[in-house]
Amino acid sequence: MTLTHDTLGGLYTAIVTPLAADGAVDIKGLQALVRFQLAAGAAGIVPIGGTGEYPAFSRDERRAIVAACVEAADGKPVIPGVLSTGFEDALEAGRDFAAAGAAAVMTVTPYYAPGTQDGMRAYFRRYRDALDLPVMLYQIPRRTTVSAFADTVQAMAEDGSIIGMKYSSYDMPDFIRTVKYAGDKIAILSGEEPLFATHVALGARGGVLASATIYPKIWLEIFALARQGKLKEALKLQDKIDPVVDAIYVETNPGPLKEYMALAGMPVGGVRLPLLGPSDQTLAGLKVAAAQAKAISLA
Ligand SMILES: O=C(O)C1=N[C@H](C(=O)O)C[C@H](O)C1
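Residues numbered from 1 in each chain as written. Predicted model: local features only at pLDDT ≥ 70, side-chain atom pairs only at ≥ 80, totals over all residues. Heavy atoms only, no water.

1. Quick look at the overall build of the chain
Selection rule: Only DSSP runs of H or I covering at least 4 residues are called helices, and only runs of E covering at least 2 are called strands; the numbering of each starts at the N terminus. All radius of gyration figures rest on C-alpha atoms, and the globule criterion is 2.2 Å times the number of residues raised to 0.38. With a 1.4 Å probe rolled over the protein chains alone, any residue whose accessible area is under 20% of its type maximum counts as buried; one over 50% counts as exposed, and the rest are partly exposed. Under the convention used here, a 1.4 Å probe and the Shrake-Rupley method define accessible areas, while residue burial counts only the protein chains that appear.
Assigned secondary structure in the chain consists of 13 helices and eight strands. By the compact-globule yardstick of 19 Å for 299 residues, the chain fits well, its C-alpha radius of gyration being 18 Å. Residue burial in the chain is summarised as follows: out of 299 residues, 55% are buried. Summed over its atoms, the accessible surface of the chain is roughly 12400 Å², and 54% of this surface lies on carbon and sulfur atoms.

Following this line, the structure appears as structure tokens:
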């Protein structure tokens, strides 16, 4: 399926990368997770984003991860993260993932030398021209300190540089402006669990969510309600998963999430440096959230 701004939408799972005890990538575990997501109804998979620990892997490991996801996805779209901050590295990764069968890439705003808004617009236009694959802009200022303003996103859409955007920020006025300027030209996907239902009710066409790695079904139900404009009902349902969301984001994602998955019976191993396992205090919070989720059979 060729992804366009019309066909990009729904719930994409920002999937963790399972690791074996020796820290190697657990390809079998990864493929089992992909199949679990798609069987639950996810529209597609986003491997090696922040949740998938892109920075922690070598070029060969990233290629193997994407190829394994594409194989397990059996035709459903796989959109790998490209979190390299420089043009040539980002292009090399994009071409690697295109060769591995990715349907598009989720490329982060350049952040070490971000440049101006015009510079970022030109960066993505040159990137798309050089990479024969659809591109989704990844905006996450809490990790990069960089934002493409709404009118820049509009210009990127009109240039044909991007088919969509993963919007990871709590800046609601900017979100509303971005939907107003570009929401009819690209698919804006929410990357913020706490605001997911609200973003969808205000025009987002789906989401890219880390906690869907363990609980895809409830996010699909929340998405369906929000898209019908039933925001109150969607937020009521979201109350059930909020304790999990609060517990897994107290330290850098995906550290707590991976620990939580083990507590919830879906072990995926640890994280790679510089991330470490969660602190005792975080672990205590994860245990409480896992017990609550079990008590209400969260899925
Ligand atoms: O990997 C991703 O894509 C996501 N990254 C965000 C983060 O790591 O902060 C969280 C989001 O849910 C998905």
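Read on, since the account is not over.
2. Overview of the pattern of salt bridges
Cut-off, in case you're wondering: Take a side-chain nitrogen of Lys or Arg and a carboxyl oxygen of Asp or Glu: if they are within 4 Å of each other, that pair is a salt bridge.
One pass over the full model with this rule turns up 12 salt bridges. Notably, a salt bridge pairs E53 with K258, separated by 2.6 Å at the nearest N-O pair. Of this pair, E53 sits in the loop between β2 (44–46) and α2 (59–73) while K258 sits in helix α12 (residues 255–263), and the two are 205 residues apart along the sequence. Like E53, the residue K258 is buried in the burial classification.

3. Details of the UniProt feature "active site" (unreviewed entry) in the chain
What counts here: UniProt positions are given in the numbering used here, feature names are shortened, and annotations may be inferred rather than shown by experiment. Contact between two residues is taken to exist if any of their heavy atoms lie within 4.5 Å; hydrogens are not considered. Each polar contact in these results corresponds to two N or O atoms within 3.5 Å; when the atoms are within protein, one needs to be able to donate a hydrogen and the other to accept it, and residues that are neighboring in sequence are counted only if both atoms are side-chain atoms.
According to UniProt, the positions carrying the feature "active site" (unreviewed entry) are Y138 and K166. In terms of the greatest pairwise C-alpha distance, the residues named above, spread along 29 residues, form a tight cluster of at most 4.9 Å across. Topologically, Y138 is positioned in strand β5 (residues 135–139). With sequence-adjacent residues up to four places away left out, Y138 is seen in contact with L83, M106, T107, V108, T109, K166 and S168. The contacts of K166, once residues within four sequence positions are left out, are M106, M136, L137, Y138, Q139, L189, G191 and V208. At 2.8 Å, the side chain of K166 and the side chain of Y138 are in polar contact.

4. Focus: the UniProt feature "binding site: pyruvate" (unreviewed entry) in the chain
Per the UniProt entry, the sites bearing "binding site: pyruvate" (unreviewed entry) are T51 and V208 in this numbering. In terms of the greatest pairwise C-alpha distance, the residues named above, spread along 158 residues, form a tight cluster of at most 10.3 Å across. Within the secondary structure layout, T51 lies in the loop between β2 and α2. Other than its neighbours up to four places away in sequence, T51 contacts A14, I15, V16, T17, A210, N253, P254 and L257. Looking at the element boundaries, V208 is found in strand β8 (residues 206–209). Those residues within four positions of V208 in sequence are excluded, and the remaining contacts are Y12, A14, V46, M136, K166, L189, S190 and G191.

5. Notes on the side chain of T178
Structurally, the position occupied by T178 is in helix α7 (residues 172–182). By relative accessible area, which is 0% here, T178 ends up buried. Of the polar contacts made by the side chain of T178, one reaches the backbone oxygen of D174; its length is 2.8 Å. Beyond its immediate chain neighbours, meaning those up to four positions away, T178 contacts A150, V153, M165, Y167, G183 and I188.

6. What to know about the site of the ligand
Using the following cut-off: Summary of the distance rule: residues count as near a molecule or strand when at least one heavy atom falls within 4 Å of that molecule or strand.
Residues in contact with the ligand amount to 17 residues; listed here are only the nearest, T51, R142, R143, K166 and N253. Between G50 and the ligand, the recorded distance is 3.0 Å, taken from a backbone N or O atom to an oxygen atom. In this structure, T51 approaches the ligand through a main-chain N or O atom, which is 2.8 Å from an oxygen atom. Burial of the ligand by the protein amounts to 99% of the accessible area it has alone, namely 330 Å². Every element with two or more residues in the shell around the ligand is listed here: α5 (141–144) and β8.

7. A short note on unusual backbone geometry
Residue P254 is bonded to the preceding N253 through a cis peptide linkage, with omega at 10 degrees. Position of P254 relative to the elements: it lies in the loop between α11 (242–248) and α12. Geometrically, the link from L273 to P274 is a cis peptide bond, its omega value of 10 degrees lying close to zero. Within the secondary structure, P274 is located in the loop between α12 and α13 (280–295). Phi is positive for E53, close to 60 degrees, though the residue is something other than glycine. For T145, which is not glycine, the phi dihedral falls at a positive 65 degrees. Here T145 shows up in the loop between α5 and α6 (150–159).

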